[in-house]
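Working through the structure, step by step
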Amino acid sequence: MDKLVLFDLDGTLIRAHNGFIPFNEAILKTFGLAGDIRTVIPDGNTDPLILEEIFATAGLEVDVTEDKWRAFTVNLQESYSWAIQGGLTRVVSLPGVLELVSKLAKIKELHQGVVTGNLEVTAQLKLKAAGLAPYLNLGAYGSDSRKREDLPRIARERWEKKMARSIPPDRCIIVGDTPRDLDAARKSHMKCVLVGTGRYPVEELKFFSPDACLSDFCDTEIALETILKVS
Ligand SMILES: [Mg+2]
């Protein structure tokens, strides 16, 4: 029976050091405003809503038109790409992640992808920089919907289209680092494993009652077993 594991990116698989620099640069280039992502808590949110929150926090009324949104996407891709190449922003996979996804890739009928609030362009840059792109080329992104709860369903439907067969939601497992990942999983009738490598320690994540919790992915066997047994 098929299983689909859908990983969140930031705080779950990877950490972007100084990721705020290209994000803020793209805001400045697109809107001519000095918005700062460090003024909000972006964890678990989608990039479109993060942008809205940055402007609201700064008391700025900004009309993010379709054209502006397209320009922001282009600018963010460009800025992020330059920042990674120049070493200004460093994207690393979290301990054990590479081992985990490479082991999952070897399991028959086990499939994996991402569900992230990042725009698709930045998600792909980050995955590539962290060495994870070969394992995670399917997913749903903040550029597909501003509402995180839409993303698990979009990822599942994309997988079904690609594989030309269906998979029930309860055979899909969201792996994330925030209560928002859990909320999106629940609204999509999917299973959820939370990991304490982001803003929330595992003791706090347990309080939200996900199907399982992990402190981190350092022990590959325990991580594998935990993820596979919830569905
Ligand atoms: Mg996250």
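Keep in mind it's a predicted model, so treat the numbers as computed, not measured. (Residues numbered from 1 in each chain as written. Predicted model: local features only at pLDDT ≥ 70, side-chain atom pairs only at ≥ 80, totals over all residues.)

1. A look at the packing of helix α4 (residues 97-104) against helix α9 (residues 220-229)
Test applied: Geometry is summarised by axes, namely lines fitted to C-alpha atoms with helices restricted to the contacting stretch, and by angles between N-to-C directions that run from 0 to 180 degrees. Strands here mean DSSP runs of E at least two residues long; helices mean DSSP runs of H or I at least four residues long; both are numbered from the N terminus. Each angle gets one of four labels, with under 35 degrees taken as roughly parallel, over 145 as roughly antiparallel, 65 to 115 as roughly perpendicular, and the rest as oblique. Each crossing gets its hand from how the near helix is turned against the far one by less than a right angle, where anticlockwise is left-handed and clockwise is right-handed. We call two residues in contact whenever the C-beta atoms placed from their backbones are within 7 Å. The residue classification treats Ala, Val, Leu, Ile, Met, Phe, Trp, Tyr, Cys and Pro as nonpolar and Asp, Glu, Lys and Arg as charged. All others, Gly included, are polar.
Close contact between α4 and α9 brings their axes to 10 Å; oriented N to C, the two are set at 50°. Comparing their axes, α9 and α4 come out oblique. Viewed along their axes, α4 and α9 form a crossing whose handedness is right-handed. Across the interface between the two elements, E99, L100 and K103 from α4 touch T220, A223 and L224 from α9. In terms of residue class, the contact of α4 with α9 is built from three nonpolar, one polar and two charged.

2. Observations concerning the sheet that holds strand β8 (residues 212-214)
Worth spelling out the cut-off: Two strands pair under a simple rule: DSSP has to find at least two bridges between them.
Overall, parallel pairing links the six strands, which are arranged β5-β4-β1-β6-β7-β8 in an open sheet. Edge positions in the sheet fall to β5 (139-140) and β8, since each has one partner strand and no second. The pairing of strand β4 (residues 110-115) with β5 spans two bridges and is classified as parallel. If you follow V115 over to β5, its bridge partner there is A140.

3. Quick notes on the nonpolar core
To be explicit about the condition: Structurally, a nonpolar core is described as a collection of buried Ala, Val, Leu, Ile, Met, Phe, Trp, Tyr and Cys residues joined by way of C-beta atoms within 7 Å. Field definition: a residue is buried when 20 or more other C-beta atoms are found within 10 Å of its C-beta, exposed when 12 or fewer are, and partly exposed for counts in between, with C-beta atoms placed from the backbone. Segmentation into domains, and thus their bounds, comes from an automatic or database assignment.
Core analysis: the largest hydrophobic core is formed by 58 residues, its most contacted members being V5, L6, I173, I174, V175 and V193. Looking at this core, you find at least three residues from each of domain 1 (3-16 + 92-229) and domain 2 (17-85). Sequence-distant contacts of V175, that is, excluding residues within four places in its chain, are made with V5, F7, D8, T12, V193, V195 and I227.

4. So, the packing of helix α3 (residues 66-85) against helix α5 (residues 120-129)
Between α3 and α5, the shortest axis-to-axis distance is 9 Å and the interhelical angle comes to 15°. With respect to α5, the axis of α3 lies roughly parallel. Note that α3 runs across α5; the crossing there is right-handed. Contact residues: T73, L76, Q77, Y80, S81 and I84 in α3; V121, T122, L125 and A129 in α5.

5. Some remarks on the environment of T122
Summarising the element assignment, T122 is placed in helix α5. Residue class for T122 comes out buried when judged on the 27 C-beta atoms lying within 10 Å of it. Along the primary structure T122 and E78 are separated by 44 residues, whereas in three dimensions their C-alpha atoms are 9.4 Å apart. In contact with T122, not counting residues within four places along its chain, are L76, Q77 and Y80.

6. Things to note about the domain arrangement of the protein
With domains assigned, the protein is organised as domain 1 (3-16 + 92-229) and domain 2 (17-85). In this structure, domain 1 and domain 2 have C-alpha centres spaced 24 Å apart. Contact with domain 1, which involves 19 residues of that partner, is made by 15 residues of domain 2. Mapped by element, the contributors of at least two residues to the side of domain 1 that touches domain 2 are β2 (14-17), α5 and α7 (179-187). Of all the elements, α5 adds the most residues to the side of domain 1 that touches domain 2, at four residues. Of the residues that constitute the side of domain 1 that touches domain 2, the class distribution is five nonpolar, eight polar and six charged.

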